[in-house]
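One letter stands for each residue in the lines below.
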Amino acid sequence: VNQSHSQENLPTDYLSKEFHKGRREAFRNLMPANSVAVIFSYPERVFSNDMNYKFHQNPDLYYLSGYKEPDAVLLIFKENQGTGETYNEVFFVRERDAKKEIWTGRRLGIEGTKSQLGFTAVYNGKDFKDFPINFKKFDKIIYEKIPTDLNANQSGFDLFGLLQSFKTKAGITTNDNTSLELFADITNSLREIKTPEEMELMRKTVKLSCIAHNEVMKAVGPDMSENEAEGIHTYIHKRYGAEGEGYNPIVGAGANGCILHYEENNSTKIDNQLLLMDVGSEYHGYSADVTRTIPANGKFTEEQKAIYQLVYDAQEAVFKICKEGTPLIDLNATAKEVLAKGLIKLGIITDPKDVKIYYPHSCSHFLGLDVHDKLTFKGPQSALKENMVITVEPGIYIPAGSKCDKKWWNIGVRIEDDIAIKKDSYENLSADSPRKWDEIEKLAAQKSTFNDMKFPKI
């Protein structure tokens with residue numbers, strides 16, 4: 001669905017208004033009797049002085065509406081409301097403003113929200129304050145945690161104003177934990193299982209991320225900077241129509257690859273080291289999360305190869321149990337067992353419990369509208385279900401100064417793939433990017449278009 005009735009040549013593969021309506025119906029079916037759900041947009045945030053960061057919508061609001069603008073609130077009712085012409089949802093959106101749209105872009109407004117997103121009861125945000133709704137008649141008001149760090153623009157109906165009106169109308173002074181938990185339970189249970197429409201976007205965002213990883217494998221060399229490697233990812237994501245990245249890219253060479261969430265990416269020279277790249281695109285809201293670790297000079301050393309193969313073996317072991325019914329806790333337990341045995345065999349540790357020194361994170365998380373997507377985890381009995389999408393990402397990180405032979409120092413390896421769960425097996429959505437060490441070396445021997453690009457010196 002196009003996001004503006006005025007713009008031209010927009011992508012045609014956004015989620016449909018029918019998808020979002022279906023998600024609202026599924027949400028409503030999980031609501032208790034005589035309840036109302038209140039879902040706000042995310043706030044705009046200041047980047048510098050009078051400039052904001054690029055706006056990113058609350059994924060839950062996007063999931064339920066397709067709306068991508070700030071200063072909005074959606075109300076979903078369990079039962080029909082009103083007399084005569086009844087309604088079971090009301091959407092308050094950002095008002096159209098010709099002067100502001102010249103500066104900051106076109107807005108959907110009431111009519112655009114109706115025609116393009118399929119809503120019937122739509123009002124401007126300024127109408128929320130006096131809208132005739134008695135929140136106190138409901139047995140349960142379902143909402144997310146209310147942010148407390150917002151600035152007001154003095155209009156009275158920006159996000160700050162909408163939240164103030166809601167708190168006044170509903171008599172809310174502090175967050176109600178039962179409401180927060182209920183909102184989480186509903187959205188988690190919906191979003192952890194991907195519909196066919198969502199799975200199509202997941203395949204696309206992961207596939208184009210694989211293309212980017214492969215291009216860097218071909219283009220990389222010891223003289224390349226981390227920043228340039230990141231730039232290749234960004235270009236290819238944009239080339240295929242992605243809005244950007246689903247998270248801050250991690251592109252770390254050598255010692256930097258041993259920092260789990262390294263984001264500076266400013267080393268001017270990769271040198272003859274391993275380059276760990278944890279980069280995934282965001283395509284129409286859906287995030288990929290792919291990690292590849294490659295030798296900058298195209299050839300693994302024996303030590304690098306030994307660590308890489310161990311991480312690969314751990315990943316393969318986890319893949320074998322990726323199917324419906326596998327307890328979530330078994331994923332990381334399997335990875336830890338393989339890594340511990342391998343590190344002992346290499347003489348890096350002597351006690352299996354010390355695996356946590358070099359593998360300090362977990363093996364998997366859920367993936368979707370958030371890179372660390374929602375899930376319903378209720379203890380050890382929680383298990384994988386068909387059409388979940390998870391990552392499988394074992395890793396080993398051996399920084400300088402570690403209590404092992406120096407030949408292992410500054411080797412950081414993570415291999416991360418995006419896995420769709422099936423009844424009796426799995427689908428590796430990121431299989432287009434090679435994982436085996438010899439296949440990486442083979443691809444690295446090829447030339448990239450980026451190798452021939454020439455720019456003026458400055």
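The coordinates are above.
Residues numbered from 1 in each chain as written. Predicted model: local features only at pLDDT ≥ 70, side-chain atom pairs only at ≥ 80, totals over all residues. Heavy atoms only, no water.

## Points about the packing of helix α9 (residues 302-319) against helix α10 (residues 328-345)
Look at α9 against α10: their axes get within 9 Å of each other, and the N-to-C directions meet at 150°. If you check the angle between α9 and α10, you find them roughly antiparallel. Crossing of α9 over α10 shows right-handed handedness. On the side of α9, the interface is formed by L310, V311, D313, A314, A317 and V318, while α10 contributes L331, T334, A335, V338, L339, G342 and L343. Here the contact of α9 with α10 is composed, by residue class, of 10 nonpolar, two polar and one charged. (Axes fitted to C-alpha atoms, helices over the stretch in contact; angles between N-to-C directions. Helix = DSSP H or I, 4+ residues; strand = E, 2+ residues; numbered from the N terminus. Parallel < 35°, antiparallel > 145°, perpendicular 65-115°, else oblique. Left-handed = near helix turned anticlockwise from the far one by under 90°. Contact = heavy atoms within 4.5 Å. Nonpolar A, V, L, I, M, F, W, Y, C, P; charged D, E, K, R; others polar.)

## Remarks on the pairing of strand β13 (residues 290-295)
Burial analysis of β13 places six of its six residues in the buried class, the great majority of the element. The sheet contact formed by strand β10 (residues 274-279) and β13 spans six bridges and is antiparallel. If you follow L274 over to β13, its bridge partner there is P295. (Buried < 20%, exposed > 50% of the residue type's maximum accessible area, 1.4 Å probe, protein only. Pairing = 2+ DSSP bridges.)

## A word on the nonpolar core
Core analysis: the largest hydrophobic core is formed by 57 residues, its most contacted members being L275, I348, I390 and I396. Examining the composition of this core, we find that eight residues originate from one element, α9, more than from any other. In this structure, M31, A242, Y283 and V389 belong to the second largest nonpolar core, which totals 44 residues. (Core = buried A, V, L, I, M, F, W, Y, C linked by side-chain atoms within 4.5 Å.)

## A closer look at unusual backbone geometry
At D71, a position not held by glycine, the phi torsion is positive, near 55°. For D71, the position within the fold is in the loop between α2 (59-65) and β4 (73-81). A residue is classified by how much of its surface remains accessible, and D71, at 15% relative accessible area, is buried. Despite not being glycine, H284 has its phi angle at roughly 50°, a positive value. For H284, the location among the structural elements is in the loop between β11 (281-283) and β12 (286-287).

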